[in-house]
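What follows is each chain in one-letter form.
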Amino acid sequence: MVCTVRRAVPADTADCVAIVRGLPEYFTEDVPDKIAAELREHPAWVAEEGTGLAGFAIVDRRSAHAAEIRWLAVAGPRRGNGVGTRLLDHLVRELAADGLLVLEVKTLDARAGYQPYVATRAFWERNGFVQVDTIDPFPDWPPGNPAAIYIAALGTTR
Ligand SMILES: CC(C)(COP(=O)(O)OP(=O)(O)OC[C@H]1O[C@@H](n2cnc3c(N)ncnc32)[C@H](O)[C@@H]1OP(=O)(O)O)[C@@H](O)C(=O)NCCC(=O)NCCS
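An account of the accompanying structure is given in this report.

What counts, and where the lines are drawn
Each chain has its residues counted from 1, following the order in which its sequence is written. Owing to the predicted nature of the model, reporting of local features is limited to residues with pLDDT of at least 70; listing and counting of side-chain atom pairs is limited to 80 or more, with chain, interface and lining totals taken over all residues. Strands are runs of DSSP state E lasting at least two residues, helices are runs of H or I lasting at least four, and both sets are numbered from the N terminus onward. Only the C-alpha atoms count toward the radius of gyration. The rule for a globule is 2.2 Å times the residue count to the power 0.38. Buried, partly exposed and exposed are defined by the number of other C-beta atoms within 10 Å of a residue's own C-beta, namely 20 or more, between the two limits, and 12 or fewer respectively, with C-beta atoms placed from the backbone. Working rule for helices: expected span equals 1.5 Å times residues minus one. Of all possible arcs, the one meant is that of the directions from the helix axis to the C-beta atoms. Contacts here follow a simple rule: the backbone-placed C-beta atoms of the two residues must lie within 7 Å. Only the C-beta atom matters for nearness: placed from the backbone, it must lie within 6 Å of the molecule or strand for the residue to count as near. Each residue receives one of three labels: charged for Asp, Glu, Lys and Arg, nonpolar for Ala, Val, Leu, Ile, Met, Phe, Trp, Tyr, Cys and Pro, and polar for the others, Gly being one of them. Note on pairing: DSSP must find at least two bridges between two strands before they are called paired. Classification remark: right-handed applies to a crossover when, strands pointing away from the viewer, the course from the first strand over the helix to the second runs clockwise. Here a nonpolar core is just a set of buried residues of the types Ala, Val, Leu, Ile, Met, Phe, Trp, Tyr and Cys, joined wherever their C-beta atoms sit within 7 Å.

1. Thoughts on the overall build of the protein chain
- Of regular secondary structure, the protein chain possesses four helices and seven strands.
- Counting helices and strands in the order they occur from the N terminus, the protein chain gives β-α-α-β-β-β-α-β-α-β-β.
- Here the C-alpha atoms of the protein chain give a radius of gyration of 15 Å, agreeing with the 15 Å that 2.2 N^0.38 yields for 158 residues.
- Referenced to the eigenvectors of the C-alpha coordinate spread, the extents of the protein chain come out at roughly 40 × 40 × 30 Å.
- Residues counted as buried form 25% of the 158 residues belonging to the protein chain.

Here it is, written out as structure tokens:
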């Protein structure tokens, strides 16, 4: 299926929220509201397939050279087909052209022993992200959810 990545527009919000609601093993019930709010605040990209969305990503630009991927999700039935990689490659290209040097993502650490996130960490590692820390407990995350801090370098910093 042809997959096109483009910047998100306000009309994409309902589809992004639906993707998150379709992944209950990954996202708690408070996440759809957070996604809707962050889509208004931060740069975001969507992967479009046919007439629908297959995935989205939201990025918080922290400074000229650093940013965090706040959310990245691919619709359940479309997972494992390269959509996440396409989204990531696209946003990295755009951000690198705009001076970004380091990109962070936080996810659930292996020590949580929660099977669904094994694939998520494999995705980040396959895409060049290096785990630099574990923070447990992580502020604002529920107890029992250690955070794995991953960084990817898009350029040299010294
Ligand atoms: C994580 C996620 C964004 C990845 O997107 P995707 O389109 O499914 O991933 P891709 O098809 O681009 O996979 C790229 C690589 O990730 C790894 N990967 C993906 N799915 C995997 C799985 N089920 N098991 C192991 N590795 C996996 C593989 O290394 C794969 O490379 P390969 O195809 O050459 O083997 C998506 O699966 C998703 O939405 N997961 C649930 C929500 C989530 O975890 N979001 C991130 C929160 S931090």
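2. Regarding the environment of Val17
- The residue Val17 is located in helix H1 (residues 13-21) in this model.
- A residue is classified by how many C-beta atoms lie within 10 Å of it, and Val17, with 17 of them, is partly exposed.

3. Some words on helix H3 (residues 83-97)
- When the terminal C-alpha atoms of H3 are compared, their 21 Å separation across 15 residues agrees well with the 21 Å that a helix rising 1.5 Å per residue should span.
- Every buried residue of H3 is accounted for by Val83, Gly84, Leu87, Leu88 and Leu91. All buried residues of H3 fall inside an arc of 130° around its axis, so they share one side. Relative to its buried face, H3 has exposed residues pointing more than 90 degrees away, namely Arg93 and Ala97.
- Summarising the contacts, the buried residues of H3 are in contact with strand S1 (3-7), strand S2 (44-49), strand S3 (52-61), strand S4 (66-74) and helix H4 (116-126).
- Just downstream of H3 lies Gly99, where phi reads positive at about 100°.

4. Comments concerning the environment of Ile19
- Inspection of the secondary structure assignment puts Ile19 in helix H1.
- What makes Ile19 buried here is the crowd of 24 C-beta atoms within 10 Å.
- Spatially, the C-alpha atom of Ile19 lies 18 Å from that of Pro43, the residues being 24 residues apart in sequence.
- Non-local contacts of Ile19, meaning those with residues more than four positions away in its chain, are made with Leu53, Gly55, Phe56, Ala73 and Ala75.

5. Considering the site of the ligand
- Neighbouring the ligand are 19 residues; Gly84, Thr85, Ala119, Ala122 and Arg126 lie closest to it.
- Among the secondary structure elements, those contributing two or more residues to the shell around the ligand are S4, H3, strand S5 (102-108) and H4.
- Per element, the largest residue contribution to the shell around the ligand is five residues, and it comes from H4.
- Of the residues in the shell around the ligand, the class split is 10 nonpolar, seven polar and two charged.

6. A word on the pairing of S5
- As judged from the four bridges shared by S4 and S5, these two strands associate in the parallel manner. Looking across to S5, one finds that Ala67 is bridged to Leu103.
- Read as a crossover between parallel neighbours, the route from S4 over H3 to S5 is right-handed.

7. Quick look at the nonpolar core
- Formed by 36 residues in total, the largest nonpolar core has its most connected members in Trp45, Phe56, Ala57 and Leu87.
- For Phe56, the residues in contact, after removing those within four places along its chain, are Ala8, Cys16, Ile19, Ala44, Trp45, Val46 and Ala73.

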